[in-house]
Structures are given as structure tokens and as C-alpha cells.
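The residues making up each chain are set out below.
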Amino acid sequence: MTEAEDDWQSNYFNYFTEVEEHFQRARGTGLFLLSPLDWAIIESWKNGGVPLEAVLRGIDAAFEKWRSRKTRTQMVNSIAYCAQAIGKEAQIIAGAGPSAGGARKEVAPPFTLDELKSYFTKSVTDLRRLGNPVFDEIAVAIERLNVEADAHYNDLEQLEQRLTSLEDKLVAAARSSRTEEQLFAARRELDLQLKPYRGKMTADQLSMLERQYLDRRLLESAGLPRLSLFYMR
């Protein structure tokens, strides 16, 4: 594992961008746009602790196997196609253990303090405009974080943990405001999109993906912001 991947900040905030760009290069179509399902899959890998290196190597392995086929009936249109190969690479890296020696290098925050404060301010505005008591309560908590932004800027990992907890509360409140039919429709949409790729994922991977996808769609449909620093990318 490289020093950059051993560093939480570098690995965490580059995860989405690195995976997206690597998949586009491997596919050979730089303008290809990832789908909501693709983003949820990447997020499930990130939250599941799959190393960035394993994802990138797995993408390469999956496309190498695809290109070696004598007959290619269709293009690879989802990163879900690479899930099995990525799982194998993650197992290989886990078996290799941590790299020996080497000091962790300092990595500058991927955004400025002013950008962090603006992110907080926008999140508060988005939450308050909906007029929901629970959303207002979460907005107050973010305002407190904004007041202490200078201190939190020096410990982004702890700040991310706080924001993730608030986002969990936000998701729970948003879910309670949806009808049974709306929740069913979102789950049905996920099942249809995921059907071609189920055989490439484990039960644990599918369970985590389901949660990530449904939470993402739930917040989007309710017009609610994502609170994680990950979405400042």
C-alpha cells in the first residue's frame, strides 16, 4: 500500500474522483457518465473500507478479461461489472497486510477553510427552506460546527464522523416522510438496475449497496443535501 493510500485524508477525498476517472479511461470513453447506481456502488466500497488501490486494480482486471473475449455482445455500461474483480483484489491486498515502514506524509486539506464554511452555510440554507422541525434541528447542529470551523478544519476525520451521524439522522427523518408506495418504487428501481450484476456481488456487498442507493435516492427526491465532506469534491 502506498503512503498516499495509507493516509486517511488523501485516500478518502480522492476516492470518488479516482474511481470515476479510472473507469472512464479503462472503458475508453472519457465522457461516459456514471449512473446513480454506480455512485452508490462506489460509496458502498468506500464505506466498506475497500482500498482505493483494490478498486483501481479490479477495474483494470475486469476490462482486461472483457477485452480478451472473442465475442463482446455489449459495452460495459456500469461499474457493477467490475465488482467481482474488485472483491478479489481487496482480498489480495488484505492478505498482504500493511506496508512495512515509511512515515505518513502530510497531506493538505482538499478544500480551504472558507470553502468549508460556505459548504456549512449552504447546507443550513437547504435544510431550513423545507420547514421541517427535525431538519431545523440538524441545521442548528451544523451552524454550531460552522462557528467552530477553524478548530474542526484541523481534524477533518472527526468532523466527518460528526457529519455522518447528522446525515444518518437526516435520512431517518426523510424516510419517515415518504409513503410506503414511494419507498417501494425506489426499491423496485434498484432491483431492476441491479439485476444484471447480482451474480458479481456478495450478499454483504448487495446489502450495503442497497442501503447506499436507497439513502442517496431518498435525499435527492426530498431535495435534501448530503452532509458528508465527501460531497465537497
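To start, this report covers the structure provided alongside it. Bear in mind that the values here come from a model prediction, so they are computed numbers and not experimental data. (Residues numbered from 1 in each chain as written. Predicted model: local features only at pLDDT ≥ 70, side-chain atom pairs only at ≥ 80, totals over all residues. Heavy atoms only, no water.)

1. Overview of the pattern of salt bridges
This is how the line gets drawn: Definition used for salt bridges: Asp or Glu carboxyl oxygen within 4 Å of a side-chain nitrogen of Lys or Arg. Segments assigned H or I by DSSP are reported as helices when at least four residues long, segments assigned E as strands when at least two residues long, and all are numbered from the N terminus. For each residue, the accessible area found with a 1.4 Å probe, counting protein chains only, is set against the maximum for its type, and the residue is called buried under 20%, exposed over 50%, and partly exposed in between.
Taken as a whole and assessed by the stated rule, the structure comprises 16 salt bridges. Linking Arg-216 and Glu-43 is a salt bridge whose minimum nitrogen-to-oxygen distance equals 3.5 Å. Placement of Arg-216 in helix α11 (residues 203-222) and of Glu-43 in helix α3 (residues 36-47) is noted, with a sequence separation of 173 residues between them. Between Arg-217 and Glu-189 there is a salt bridge whose closest N-O contact spans 3.2 Å. Of the two residues, Arg-217 is situated in helix α11 and Glu-189 in helix α10 (residues 180-194); the sequence distance between them amounts to 28 residues. Since its relative accessible area comes to 24%, Arg-217 is described here as partly exposed. Within this structure, Glu-43, Glu-167, Arg-216 and Arg-226 form a network of salt bridges that share partners.

2. Here's the deal with the nonpolar core
For clarity, the threshold we go by: Remark: nonpolar core denotes a set of buried residues (Ala, Val, Leu, Ile, Met, Phe, Trp, Tyr, Cys) joined through side-chain atoms within 4.5 Å. Contacts are residue-level and defined by heavy atoms, with any inter-residue pair within 4.5 Å sufficient.
Ranked by size, the top nonpolar core spans 42 residues in total, and within it Tyr-15, Val-19, Phe-23, Ile-42, Trp-45 and Ile-59 carry the most contacts. Within the residue set of this core, elements represented by two or more residues are α2 (8-27), α3, α4 (52-67), α5 (83-96), α10 and α11. No other element matches the 8 residues that α4 contributes to this core. Setting aside residues up to four positions removed in sequence, Phe-23 forms contacts with Phe-32, Leu-34, Ile-59, Phe-63, Val-76, Ser-78, Ile-79 and Cys-82. Counting 29 residues, the second largest nonpolar core, distinct from the first, contains Leu-116, Tyr-119, Leu-127 and Leu-229.

3. Points about the packing of aromatic side chains
The test is simple: When two rings of Phe, Tyr or Trp (its six-membered ring) have centres within 6.5 Å they constitute a pair, described as stacked for plane angles under 30 degrees, edge-to-face for angles over 60, and tilted for the intermediate range.
The full count for this structure, using the stated rule, is 4 aromatic pairs. Both rings, one in Phe-16 and one in Tyr-231, keep their centres 6.5 Å apart while their planes meet at 65 degrees; by these two values the pair is edge-to-face. Within this pair, whereas Phe-16 is found in helix α2, its partner Tyr-231 is found in the segment after α11, the two being separated by 215 residues in sequence. On the basis of an interplanar angle of 80 degrees and a centroid distance of 6.4 Å, the ring pair of Phe-63 and Trp-66 is categorised as edge-to-face. Residue Phe-63 and its partner Trp-66 are located together in helix α4, separated by 3 residues, close to a single helical turn. Grouping aromatic residues by their ring pairs yields a cluster made of Phe-16, Trp-39 and Tyr-231.

4. Digging into the packing of α3 against α11
Selection criterion: All axes are obtained by fitting lines to C-alpha atoms, using only the stretch in contact for helices, and the reported angles, taken between N-to-C directions, cover 0 to 180 degrees. Each angle gets one of four labels, with under 35 degrees taken as roughly parallel, over 145 as roughly antiparallel, 65 to 115 as roughly perpendicular, and the rest as oblique. Crossings are classed by handedness, with left-handed meaning an anticlockwise turn of the near helix from the far one by less than a right angle and right-handed meaning a clockwise turn. Note on residue classes: Ala, Val, Leu, Ile, Met, Phe, Trp, Tyr, Cys and Pro are nonpolar, Asp, Glu, Lys and Arg are charged, and everything else, Gly too, is polar.
Closest axis-to-axis distance for the α3/α11 pair is 8 Å, and the angle between their directions is 125 degrees. Classified by the angle between their axes, α3 and α11 sit oblique to one another. Considering only the axes of α3 and α11, their crossing is right-handed. From α3, Pro-36, Leu-37, Trp-39, Ala-40, Ile-41, Glu-43, Ser-44 and Asn-47 reach across to α11, where they touch Met-208, Leu-209, Gln-212, Tyr-213, Arg-216 and Arg-217. For the contact of α3 with α11, a count of residues per class yields 8 nonpolar, 3 polar and 3 charged.

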